[in-house]
There are 2 protein chains.
Amino acid sequence: MAGMVVIYKQPADAKAFDKHYFETHIPLAKKIPGLRKYEVSRGPITVLAGPSDVYLIGTLHFDDLDSMQKGFASAEGKAAGADRRLYAPDESGVQMFIFDSREV
Amino acid sequence: MAGMVVIYKQPADAKAFDKHYFETHIPLAKKIPGLRKYEVSRGPITVLAGPSDVYLIGTLHFDDLDSMQKGFASAEGKAAGADRRLYAPDESGVQMFIFDSREV
């Protein structure tokens, strides 16, 4: 499986963030071709090391990196990416990691 | 499901890191009671936003936060935690996030 993990810092307006994320961004992102699973953190995030002001973590799963790249390059992928810049415009407020993974 | 995501920065000695992580840490961590799945990133990690010097991402999955807490509090959990401080002693070189999640 390949995944994209997106880590959002505490937003200035959490209510507005939630509204946009859950009502607009998730429905847009779920249209990305090849998306197999979309998980969102629920409740507080405990930080044992690293930045302490983390608010939400979203994880998108695809079969492999190739499927993910094709998904992000599609019209639906571009729309979801553009939408992200609306509710989290400041790149210092987000971390995004894309990687292939295997079970050990 | 609940998960712990551990993000490691590029180590000074990647070969030594890999040896310890794959040969010692993973076998120790897999003994933690309640661990359902352990995934490790494979190959390069693409960073779209955030720190660019990420080397490896490990994700441990448990049924829920309660199972995870019990697992980490066990002798096996403590041994795995202590071992982590051997191959990644500098907390500035690691990020660790613990959270419950749901599929959307």
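Residues numbered from 1 in each chain as written. Chains lettered and ligands numbered in written order. Predicted model: local features only at pLDDT ≥ 70, side-chain atom pairs only at ≥ 80, totals over all residues. Heavy atoms only, no water.

Trainee: I'm lost on the confidence of the model for chain A in this one. Help?
Mentor: Predicted coordinates in areas of low pLDDT are best not read in detail. Averaged over all residues, the pLDDT of chain A equals 95, while 100% of them reach at least 70. What the predictor reports for the complex is a pTM of 0.94 with an ipTM of 0.91. (pLDDT = per-residue confidence, 0-100.)

Trainee: Quick question: what am I supposed to make of the sheet that holds strand S4 (residues 94-103) of chain A here?
Mentor: By definition, the strands of a sheet pair up through backbone hydrogen bonds, in either a parallel or an antiparallel sense. Strands sit in the order S1(A)-S3(A)-S2(A)-S4(B)-S1(B)-S3(B)-S2(B)-S4(A) around a closed barrel of eight strands; the barrel is antiparallel. For this sheet, the mean angle separating the axes of adjacent strands, direction not counted, is 30°. The pairing of strand S2 (residues 35-49) of chain A with strand S4 (residues 94-103) of chain B spans seven bridges and is antiparallel. What sits directly across from Arg42(A), in S4(B), is Asp100(B). (Pairing = 2+ DSSP bridges. Helix = DSSP H or I, 4+ residues; strand = E, 2+ residues; numbered from the N terminus. Axes fitted to C-alpha atoms, helices over the stretch in contact; angles between N-to-C directions.)

Trainee: I would appreciate a short explanation of the packing of helix H2 (residues 65-73) of chain B against helix H3 (residues 75-87) of chain B in the present structure.
Mentor: The packing of two helices is summarised by the inter-axis angle and the distance between the axes. All names here are of chain B. Packing of H2 against H3 brings their axes to within 4 Å, and their N-to-C directions diverge by 75°. One way to sum up the angle between H2 and H3 is to call them roughly perpendicular. Contact residues: H2 offers Gly71, Phe72 and Ala73, while H3 offers Ala75, Gly77 and Lys78. Residue classes in the contact of H2 with H3 are distributed as three nonpolar, two polar and one charged. (Parallel < 35°, antiparallel > 145°, perpendicular 65-115°, else oblique. Contact = heavy atoms within 4.5 Å. Nonpolar A, V, L, I, M, F, W, Y, C, P; charged D, E, K, R; others polar.)

Trainee: What should I look at first to understand the packing of aromatic side chains in this one?
Mentor: One pair of aromatic rings is described through two measures. These are the centre distance and the angle between the planes. In total, this model carries 18 aromatic pairs over all chains according to the counting rule given. For the ring pair Phe17(B) and Tyr21(B), a centre distance of 5.7 Å and an interplane angle of 10° mean the geometry is stacked. Placement of both Phe17(B) and Tyr21(B) in helix H1 (residues 14-29) is noted, with a separation of four residues, approximately one turn of the helix. For the pair formed by Phe17(B) and Tyr21(B), the shared burial category is buried. Counting every residue linked through ring pairs, the aromatic cluster contains Tyr8(A), Phe17(A), Tyr21(A), Phe22(A), Tyr55(A) and Tyr87(A). (Phe/Tyr/Trp six-rings, centres within 6.5 Å; stacked < 30°, edge-to-face > 60°. Buried < 20%, exposed > 50% of the residue type's maximum accessible area, 1.4 Å probe, protein only.)

Trainee: I keep staring at the relation of the copies chain B and chain A and nothing clicks. Help me out?
Mentor: At an RMSD of 0.0 Å, chain B and chain A line up after a rotation of 180° and a shift of 0.0 Å along the axis. What the rotation and shift describe, once combined, is the action of a two-fold rotation axis. Of the C-alpha atoms belonging to chain B, the one lying closest to the rotation axis is found on Val5(B), 4.7 Å away. Interface residue correspondence from chain B to chain A reaches 100%, placing this contact among same-surface, isologous pairings. (Least-squares fit on C-alpha atoms with pLDDT ≥ 70 in both.)

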